[in-house]
Amino acid sequence: AVKRYAAIRNEPALTLCGTRVALTMNAGLMADLPSLESSGAEGVGLFRTELQFLVRTKVPRRSELAQLYARVIDAAQGKRVVFRTLDIGSDKVLPYMKRREEPNPALGWRAIRVGLDRPGVMRMQIQALIRAANGRPLTLMFPFVAQLDEFRTAREHVLGELEREERLGRVLPEKVEIGAMLETPSMAFAPRQFYEEADFISIGGNDLKQFFFAADRENEHVRRRYDTLNVSFLTLLEQIVKRCEDTGTPLSFCGEDAGRPVEALCFAAIGLRALSMRPASIGPVKNMLRKSDLTEARAVIDAARASGAQSVRPAVMDWLRRRGE
Ligand code: PEP
Ligand code: MG
């Protein structure tokens, strides 16, 4: 796929109507880093830090993590890297961490909940990130925020660690952005302050969709039952886009659906301007966007909605076919 789209690798994702969409890649392992160059990604929109923890037999040391993160920032050569703090629990279980038996792990003690209840590892990770940045910009975000005070407390931890590192005489990052993942429906309806206080928001579509439709993303019987282009889900996304526009909060979408050309086109049509996906998807998504007029796509979506369609997919597919694809 990378070869096939080589001709547009260094071209921007610019639509026919002149809208620029930022395409970044998802990563998590050192093996992903060469894709930064080969995929044409504009940066790393989601670095899943738990993958480094999952491939080990014990909790990595802070110095080891700082080295790994520094290598990631080096490889990005000035492009932005969004480090997501540990997202463990649910489907991602660390063999060396005591875990509780939970009847519904996806709704359980996971991600930021673990980080806030046992801040030791989270703070160690934040220290490692600050050291890795070593004077360069640092971007981090917290997974699975479900209410405002969770984000506020996590943010306080970052500010506390920055102070501590400064006291220890270390070089602070040139700039620090602290963002939140929006992957529980509650945050679409959060107080305006959430949108104001987050430096940026990234929609975790995989989880957001699973909780919105109450359909386990791991369960083969139900996981394909609800279309991402279902009108209800698109309307939820659109509301998040509007709220971010109102507060001037940069917004991106980093779930797997961002890497599907038709979905990506619809997301752009309802106002998303940054999508993060697996590296191999960047070419196909960029190709789709460069051949599309978002105003037209938007009109197709709105007409499908007005007609009472359950999903806008049939109408969009039909439009693409008529366009000659
Ligand atoms: C998501 O939920 O969409 C997401 C990007 O995070 P993960 O797939 O790691 O849960
Ligand atoms: Mg998630």
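Rules of the game
Residues numbered from 1 in each chain as written. Chains lettered and ligands numbered in written order. Predicted model: local features only at pLDDT ≥ 70, side-chain atom pairs only at ≥ 80, totals over all residues. Helix = DSSP H or I, 4+ residues; strand = E, 2+ residues; numbered from the N terminus. Rg over C-alpha atoms; globule rule 2.2 N^0.38 Å. Contact = placed C-beta atoms within 7 Å. Near = placed C-beta within 6 Å. Nonpolar A, V, L, I, M, F, W, Y, C, P; charged D, E, K, R; others polar. Expected span 1.5 Å × (residues − 1). Buried ≥ 20, exposed ≤ 12 C-beta atoms within 10 Å, placed from the backbone. Arc of directions from axis to C-beta. Axes fitted to C-alpha atoms, helices over the stretch in contact; angles between N-to-C directions. Parallel < 35°, antiparallel > 145°, perpendicular 65-115°, else oblique. Left-handed = near helix turned anticlockwise from the far one by under 90°. pLDDT = per-residue confidence, 0-100. Pairing = 2+ DSSP bridges.

Even after reading the chapter, I still don't get the overall build of the protein chain, so can you show me in this structure?
Each helix and strand counted, the protein chain has 13 helices and nine strands in total. Against the 2.2 N^0.38 benchmark of 20 Å for 325 residues, the protein chain shows a C-alpha radius of gyration of 20 Å, consistent with a compact globule. Contacts in the protein chain between residues at least 24 apart in sequence constitute 70% of all its contacts with a sequence separation of at least 6.

Which parts of the structure should I look at to understand the site of ligand 1?
In the vicinity of ligand 1, the residues found are Leu46, Arg48, Asp87, Glu183, Gly204, Gly205, Asn206, Asp207, Cys254 and Gly255. Per element, the largest residue contribution to the shell around ligand 1 is three residues, and it comes from helix H8 (residues 205–212). A breakdown of the residues in the shell around ligand 1 according to their chemical character gives two nonpolar, four polar and four charged.

What's the story with helix H12 (residues 294–306) in this structure? I'm lost.
Side chains that are three or four residues apart share a direction in an α-helix, a result of its 3.6 residues per turn. The terminal C-alpha atoms of H12 lie 18 Å apart, and with 13 residues this matches the ideal 18 Å at 1.5 Å per residue to within 8%. The complete set of buried residues in H12 reads Leu294, Ala297, Val300, Ile301 and Ala304. For H12, the arc enclosing every buried residue in end-on projection is 120 degrees, short of the 170-degree limit, so these residues lie on one face. Residues Thr295 and Ala306 are exposed on H12 and point more than 90 degrees away from its buried face. Among the structural elements, helix H10 (261–269) and helix H13 (313–322) are those in contact with the buried residues of H12. Backbone geometry just downstream of H12 places Gly308 in the positive-phi region, at approximately 85 degrees.

I would appreciate a short explanation of the packing of helix H5 (residues 119–133) against helix H6 (residues 148–167) in the present structure.
Pairs of packed helices are described in terms of their axes, by the angle between the two and the distance that separates them. Following both chains from N to C, one finds H5 and H6 inclined at 55 degrees, their axes separated by 10 Å at the closest point. With respect to each other, H5 and H6 are oriented oblique. When the axes of H5 and H6 are compared, the crossing they make is right-handed. Mapping the contact onto sequence places Pro119, Met122, Arg123, Ile126, Gln127 and Ile130 in H5 and His157, Val158, Glu161, Leu162 and Glu165 in H6. Class assignment for the residues of the contact of H5 with H6 results in six nonpolar, two polar and three charged.

Which parts of the structure should I look at to understand the confidence of the model for the protein chain?
If pLDDT is low for a region, its predicted coordinates should not be looked at in detail. With 99% of its residues at a pLDDT of 70 or more, the protein chain shows a mean pLDDT of 96. Element-level pLDDT for the protein chain is lowest in helix H2 (residues 50–54), with a mean of 92, against a maximum mean of 99 in strand S7 (residues 201–203).

Mind showing me how you'd approach the environment of Lys291 here?
Note that Lys291 resides in the loop between helix H11 (279–290) and H12. Sequence separation of Lys291 and Val171 is 120 residues, and the distance between their C-alpha atoms is 45 Å.

Sorry, what's going on with the environment of Arg61 here?
Inspection of the secondary structure puts Arg61 in the loop between H2 and helix H3 (62–76). For the pair Arg61 and Gly108, spaced 47 residues apart in sequence, the C-alpha to C-alpha distance is 27 Å.

For this particular structure, what's the right way to read the pairing of strand S9 (residues 274–277)?
Note on strand geometry: in a regular strand, side chains alternate between the two faces of the sheet. Both faces of S9 are covered, namely the face carrying Ala274 and Ser276 and the face carrying Leu275 and Met277. Alignment of strand S2 (residues 20–27) against S9, held across four bridges, turns out to be parallel. By the bridge assignment for S9, Met25 is matched with Met277.

Where do I start with H8 in this structure?
Here H8 has its buried residues at Gly205, Asp207, Leu208, Lys209 and Gln210. In this fold, the buried residues of H8 make contact with strand S6 (176–182), S7, helix H9 (231–247) and strand S8 (251–253). A positive phi of about 55 degrees marks Ala214, the residue just after H8.

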